[in-house]
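Architecture and fold: a report
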Amino acid sequence: MSADDFDPGALFQIEEPDAPASRKRAPGRGIGIDLGTTHSLVAIAPNGAQPQPVRDASGADILASVVSYVDPSVVVGADARAQQVEHPSRVISSVKRFMGRGRADIGEHPYPIAAPKHDEDQVVRFDMGGGRDVTPMEVSAEILRVLAARAEAELGAPIDGAVITVPAYFDDAQRQATKDAGRIAGLKVYRLLAEPTAAALAYGLDQTKGGKQGLFAIYDLGGGTFDISILRLREGVFQVLATGGDSALGGDDFDRALAAHLLEAAGVCEPSDRQREGALAEARRVKEALSDEPQVVANVDSCGLTGFAVTRETFEGLIDGIVRRTVKACRQTLKDADVRPDDLDGVVLVGGSTRVPKVRAVVEKTFKQLPLCDLDPDRVVAYGAAIQADILSGSAREGVTLLDVVPLSLGLETMGGIVEQLIPRNATIPIGARQVFTNYSEQQTGMVFHVVQGERELASDCRSLAKFELRGIPQLPPSMARVEVSFQLDADALLTVTAKELMTGVKQTVEVKPTYGLDEAAVDALVMESLDNAEADFEARNMAEGRVELGRVALAVRTAVEEVGHIESLLPADERTAILAALQAADEAMADTAGTPQRLKQTREHLESVSEAFARRRMERALQAGMGGKSLGEIESSLAAEDALEERRGSHSPQQT
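The structure reproduced in this document is the subject of the present report. Everything quoted here is computed from the prediction, not taken from an experiment.

Thoughts on the overall build of the chain
- The number of helices and strands found in the chain is 14 helices and 27 strands.
- The buried share of the chain, taken over its 657 residues, is 54%.
- For the chain, restricting intrachain contacts to residue pairs at least 6 apart in sequence, the fraction spanning at least 24 positions comes to 68%.
- Accessible surface, the chain as shown: approximately 27,900 Å² in total, 48% of it carbon and sulfur.

Quick look at the structure:
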C-alpha cells in the first residue's frame with residue numbers, strides 16, 4: 001500500500017462552505033440557535049449589531065427544550081414541562097440525547113418506542129398514541145419552529161437561514177440528525193457550529209477590541225453534554241487546537257442524582273414514572289436555587305415529601321463524582337493541544353450548569369485561575385451563532401476567520417481488518433485527505449470500502465459509518481492497480497468519500513449519512529479505549545499486518561507454482577519440495593490464533609528465501625520473452641502453450657512470466 005501526502009486544506013473564511021456570494025442573500029436575516037438539551041435560545045445580530053436574545057410575548061428568551069404530545073396540538077416549552085409529571089410518557093424532554101442514535105443505543109427512558117418499519121430499521125420513533133410516531137429529529141424540529149417564529153416576528157421579515165450549534169463532541173450521525181431537524185422545521189441551515197467555538201466567537205469579538213488574545217479553554221457544561229476545547233485567539237483568527245468531552249454528561253445528571261436523594265428521603269424504592277418525574281422537576285428547582293442559597297426546602301407532592309431541607313454541601317457531595325468526570329477530559333484535551341494550565345490566558349465558562357458553585361470551584365482548581373464569566377453562560381453560545389449567521393446572510397460585518405476541528409478520527413478498513421487513518425482526531429476542518437490503495441491479487445476486479453470512525457487500530461473496535469464498492473478495476477499483478485480514495489470533510493464535519501481508479505477513471509462517490517450514531521458513552525469511550533488498549537491494539541495491528549503480508553507472498557508463490565512449477569528447468573524437484581513445505585508452514589502460521597508477529601515475519605522471510613531462486617528464474621524468462629504490451633496472464637498462457645509443445649517434441653525451453 002502506498003500513500004499520497006495529506007491535503008490538509010487552508011484557512012477558511014466563515015462565509016464558506018455555502019459560498020453565499022454565489023447565491024441570493026438576505027443581509028441581516030440570519031439567526032443563531034442554541035439547540036440545548038434542557039433549554040434553547042435564538043439570538044440575532046442583524047447588520048453588524050451586537051447580538052441580542054429574542055424574547056416571546058411574555059418577555060422570556062429561554063425556551064425549555066420540552067415537547068408535549070398530550071393534546072392533538074403540539075405544545076413546546078414551559079407549558080409542556082408543566083404537563084410532564086402527569087403525562088411522563090407523552091412529554092419528551094432532553095431529546096438531544098436521542099439525536100443520531102439507534103434503537104440499540106438508547107438507555108432507560110419513559111417513552112414507548114414504536115415498532116420498526118422493517119427488519120433493519122434502527123431509527124428511534126416515539127409512540128405518542130393515536131397512531132402518532134415521532135423521531136428525535138421531528139421533536140427537535142418542533143423546538144426549532146418555535147424559536148424561528150420568534151425571530152421572524154422580531155425581524156419583521158422572513159428568515160433567510162440559521163446557524164445551529166451542536167456539542168463539539170457530536171459524531172457524524174448526531175450532526176446529520178441536527179441538520180435534518182433544521183430542514184424538517186423549514187429552516188435553511190447555513191451550517192452547524194460547535195458550541196465552544198460559538199462561545200469563543202462571541203467572547204473573541206468582545207475581548208479583541210480591548211487587545212485581549214492568546215490561549216483559552218472553553219469549558220462548556222450544559223444540560224446534557226460536556227465539551228472542553230482549547231483555542232488560540234489571534235488577530236481575529238479563532239483556531240481550535242483540541243477538543244474533548246462527553247456527549248452524555250451534564251446538568252441532567254445533577255438532577256437525577258438529587259432526585260434519587262429525594263426519593264430515598266421519601267422512602268420510595270421503586271418509583272412510578274409520575275413519582276420519578278415529580279422528583280426530577282423538584283430537583284431541578286432546588287439545584288438552581290442552591291446556586292444562590294446555602295439551603296433550600298424541597299417538596300415532592302407525588303411522593304408525599306414535604307419540608308425536606310437540602311443543603312448546598314449535601315448537593316455538592318451528590319454531584320462530586322459527576323463534576324470530576326469533566327476533569328479527566330480537561331486534562332486529556334490539554335495534553336492533546338500540548339498546552340499546560342499555566343499557558344492559558346483565560347478559561348471561559350459556557351452552559352447553564354456552570355452556574356453551580358461546585359463546578360466553578362473545580363474549574364478554578366483544575367486550570368489554576370478564576371474562570372471568565374463576563375457573558376451570560378446561558379446565552380453566549382447563541383450570541384456566537386447569531387454573529388456567524390449575520391456574516392453568512394451577507395451583512396457587511398467585519399469578516400472572521402474560524403478554524404474548527406474534527407472530534408474523532410476517520411479512516412478506512414484495509415486487508416486484515418486494519419484501520420488506515422486518513423483524517424486524524426483534532427485535524428482542522430474543513431479538510432480534504434487522499435490516499436492511494438493497491439490491489440491484493442491479480443484476480444481482483446473491485447474493492448469494498450468500509451468507512452470507520454474512532455481511535456482504535458482495528459476496524460472491529462471502531463464505529464462503522466458506511467460501506468460502498470468500486471467495480472471495474474483492471475486485472476493487474478498485485479500492488480499494480482492504483483485506486484485513489486479522497487475524504488472531504490465540510491465545515492459541519494459531515495463526510496463525503498470518493499474512490500477513483502487512476503488508470504480507467506472509474507469513480508464512486510458516497511455522502512456518508514448514517515441514520516443513527518453512538519451510544520451515550522461511545523464517543524468518549526472511543527478515545528479513552530484507544531489509550532487504555534494502546535499496547536494490545538498495536539499488537540493486534542502488527543498481527544493483522546503480518547498475516548496480510550504473509551498471505552500476499554504465499555498467494556503469489558502458490559499461484560506461480562501452480563502455473564509453471566511443473567517445468568523442471570524453472571523449478572527443480574528439491575526446490576519444489578522446500579517451497580511446498582514453506583507454504584504449508586505459512587498456512588499454519590496464519591491460522592494460529594496464538595501466534596506472534598515475529599513468527600509471521602520469520603515464516604514470510606523463510607518463504608521468500610526458499611522461493612527466491614524460482615522467482616528470479618521466472619522473472620528472467622519473462623524479460624526474455626518481452627512484455628510486448630501483453631498482460632502477465634497472457635504471457636503466462638502463451639509460454640505454457642509453448643512449453644506443452646516443446647514437451648511433445650521432447651525438448652524444453654525456459655518458462656517466462
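Some words on the sheet that holds strand β24 (residues 463-471)
- If you walk across this open sheet you meet the four strands as β20-β19-β23-β24, and the pairing is antiparallel. Each having just a single partner strand, β20 (418-423) and β24 make up the two edges of the open sheet. Adjacent strand axes in the sheet meet at a mean angle of 30 degrees, parallel and antiparallel pairs treated alike.
- As paired strands, strand β23 (residues 446-453) and β24 are joined by eight bridges and run antiparallel to one another.

A look at the environment of alanine 329
- You can see alanine 329 is positioned in helix α7 (residues 312-336).
- Considered as a pair, alanine 329 and threonine 243 are 86 residues apart in the sequence and their alpha carbons are 9.1 Å apart.
- Not counting the four nearest positions on each side in its chain, alanine 329 is found in contact with Phe226, Ile228 and Gly245.

Concerning the pairing of strand β19 (residues 410-414)
- Within β19, four of the five residues are buried, which leaves the element mostly enclosed by the surrounding structure.
- Here β19 pairs with β20 via five bridges, running antiparallel. Bridge pairing in β20 places leucine 412 opposite glutamate 420.
- In textbook terms, the turn of a hairpin is the stretch between consecutive antiparallel strands, and for β19 and β20 this stretch comprises three residues, one of which, glycine 416, has a positive phi near 85 degrees.
- Bridge analysis of β19 against β23 gives three bridges, and the strand direction is antiparallel. Bridge pairing in β23 places leucine 410 opposite glutamine 453.

Observations regarding the packing of aromatic side chains
- On inspection of all chains with the given rule, the structure shows five aromatic pairs.
- A centroid spacing of 5.6 Å and a plane angle of 75 degrees characterise the contact between tyrosine 111 and phenylalanine 126, whose relative ring orientation is edge-to-face. Of this pair, tyrosine 111 sits in the loop between β7 (91-93) and β8 (126-127) while phenylalanine 126 sits in strand β8, and the two are 15 residues apart along the sequence. Of the two residues, tyrosine 111 and phenylalanine 126, neither departs from the other in class, the shared state being buried.

Analysis parameters
- Residues numbered from 1 in each chain as written.
- Predicted model: local features only at pLDDT ≥ 70, side-chain atom pairs only at ≥ 80, totals over all residues.
- Heavy atoms only, no water.
- Helix = DSSP H or I, 4+ residues; strand = E, 2+ residues; numbered from the N terminus.
- Buried < 20%, exposed > 50% of the residue type's maximum accessible area, 1.4 Å probe, protein only.
- Contact = heavy atoms within 4.5 Å.
- Areas by Shrake-Rupley, 256 points an atom, 1.4 Å probe, with all protein chains shown as cover.
- Pairing = 2+ DSSP bridges.
- Axes fitted to C-alpha atoms, helices over the stretch in contact; angles between N-to-C directions.
- Phe/Tyr/Trp six-rings, centres within 6.5 Å; stacked < 30°, edge-to-face > 60°.

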